[in-house]
Amino acid sequence: MIDSHCHLDLNAFAQDIDSVLADSRKAGVTRFLIPGTTVPGWQRQHTLASANPDIDIAYGLHPYFLSPSMDDNKAQLRALESQLASSHASTVAVGEMGLDGVVDIPMDTQQQVLEYQLHLAQEAALPVILHHRKTHHLLHKALKDTGFNRGGVIHAFSGNAQIARQYTDQGFLLGIGGTVTYPRGSKTREAIKSTGLEHLILETDAPDMPMSGRQGQRNSPAYLRDVVIILARLFEKDAQSIIARTTDTYYSQFQRRSQE
Ligand SMILES: [Zn+2]
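Now for a look at the structure at hand. Bear in mind the structure is a predicted one, so any value in this text is a computation, not a measurement.

**Observations regarding the overall build of the protein chain**
And then number 1: The secondary structure content of the protein chain amounts to 9 helices and 8 strands.
And then number 2: Since a compact globule built from 260 residues should have a radius of gyration of about 18 Å, the 17 Å found for the protein chain is in line with a globular shape.
And then number 3: Along the first, second and third principal axes, the C-alpha atoms of the protein chain reach 50 × 40 × 40 Å.
And then number 4: On the protein chain, the mean spot of the 24 positive side-chain charges and the mean spot of the 28 negative ones are 5 Å from each other.

Next comes the structure, spelled out in structure tokens:
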């Protein structure tokens, strides 16, 4: 079972990261992908990946943490460019990047930073981890405008079958996490069922997006099986085949390079 999106570099895990990793492995997690959020976070990700061969990482600038000043953001994009140029084999993607319709950063700033990161990923021949929140139409536009064609994952996918299909047609996987464990996630469950298991990978978004029944608790990769159980029911398969299929799908998109 692979947690394709967990923010284990964040302060929420600073005190007990080793036991979180141990508990998660015991619960059946075989690989973790830690997406990037900010420049200072990249060092922590690199340290974790160097110490743990089952941790993959991605470097990126998350839309939540952008500066309202485009000059500051440009400096961060330059830092990202050199980070990617010197990155280790554990770097399997660029992100987390995207567009957030709720956060207080102007949308045109978010769009410029996203488009630049798509361009860097294209140059580096890496897939991306995309964040969305009420922004599916703008994301499609950014993908089209930049001609980005390296694929990746739509993190925390929620939406209808038509939106899901547009992404999979563009070569993206759908990241499936806590949303589908709630009764109100029925639209997303129907959408992913019609899209097909072969386009899905598992994620928790830990420490955020707690699973149904675990509200108010810190989320952890150790709870990833909650998502597997929902998918097993939805696709009428056993848990083991959901795990096997989503694991293969992860590796079809996120691969370490053999440069080490
Ligand atoms: Zn995230």
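**A closer look at the sheet that holds strand S3 (residues 55–59)**
And then number 1: Ordered by their spatial adjacency, 8 strands build an open sheet running S1-S2-S3-S4-S5-S6-S7-S8, and the pairing between neighbours is parallel. Because the sheet does not close on itself, it has two edges, and the strands there are strand S1 (2–3) and strand S8 (200–202).
And then number 2: Note: S3 against strand S4 (residues 91–100), 3 bridges, orientation parallel. Residue isoleucine 57 lies in a different strand from S4, and its bridge partner there is threonine 91.
And then number 3: Of the strands in this sheet, strand S2 (31–34) and S3 are in contact with helix H2 (residues 39–51), which crosses S3 at around 160°.
And then number 4: Each of S4 and strand S5 (128–133) touches helix H4 (residues 107–124); the most contacted strand, S4, lies at about 160° to it.

**Remarks on the coordination of the zinc ion**
And then number 1: Every protein donor of the zinc ion is accounted for by His5 (NE2), His7 (NE2) and Glu96 (OE), and the metal-donor separations fall at 2.0 to 2.1 Å.
And then number 2: Binding-site remark: the zinc ion is held by donors from one chain whose sequence spacing is H-x1-H-x88-E. Placement of the pair is histidine 5 in the loop between S1 and helix H1 (17–26) and glutamate 96 in strand S4, with a sequence separation of 91 residues. Here the two residues histidine 5 and glutamate 96 agree in accessibility, since each one is buried.

**Digging into the layout of surface pockets**
And then number 1: Of the volumes computed, that of the largest pocket is approximately 560 Å³.
And then number 2: What lines the largest pocket is a set of 24 residues, among which His131, His132, Arg133, Ala156 and Met209 lie closest to the centre.
And then number 3: For the lining of the largest pocket, the secondary-structure elements that each account for two or more residues are S5 and helix H7 (186–195).
And then number 4: Considering each element in turn, the lining of the largest pocket owes the most residues, 3 residues, to S5.
And then number 5: Class assignment for the residues of the lining of the largest pocket results in 5 nonpolar, 12 polar and 7 charged.
And then number 6: For the second largest pocket, the calculated volume is near 180 Å³.

The rules behind each value
- Residues numbered from 1 in each chain as written.
- Predicted model: local features only at pLDDT ≥ 70, side-chain atom pairs only at ≥ 80, totals over all residues.
- Heavy atoms only, no water.
- Helix = DSSP H or I, 4+ residues; strand = E, 2+ residues; numbered from the N terminus.
- Rg over C-alpha atoms; globule rule 2.2 N^0.38 Å.
- Lys, Arg positive; Asp, Glu negative; His and termini not counted.
- Charge placed at Lys NZ, Arg CZ, Asp CG, Glu CD.
- Pairing = 2+ DSSP bridges.
- Contact = heavy atoms within 4.5 Å.
- Axes fitted to C-alpha atoms, helices over the stretch in contact; angles between N-to-C directions.
- Donors = N, O, S within 2.8 Å, 3.2 Å for Na, K, Ca; no water.
- Buried < 20%, exposed > 50% of the residue type's maximum accessible area, 1.4 Å probe, protein only.
- 1 Å grid on protein atoms, 1.4 Å probe; cavity = no way out; pocket = protein on both sides within 12 Å on 5 of 7 lines; lining within 4 Å.
- Points joined across faces, edges and corners; volume = space filled by probe spheres on them.
- Nonpolar A, V, L, I, M, F, W, Y, C, P; charged D, E, K, R; others polar.

Without other data, these values stay purely geometric and don't point to any function.
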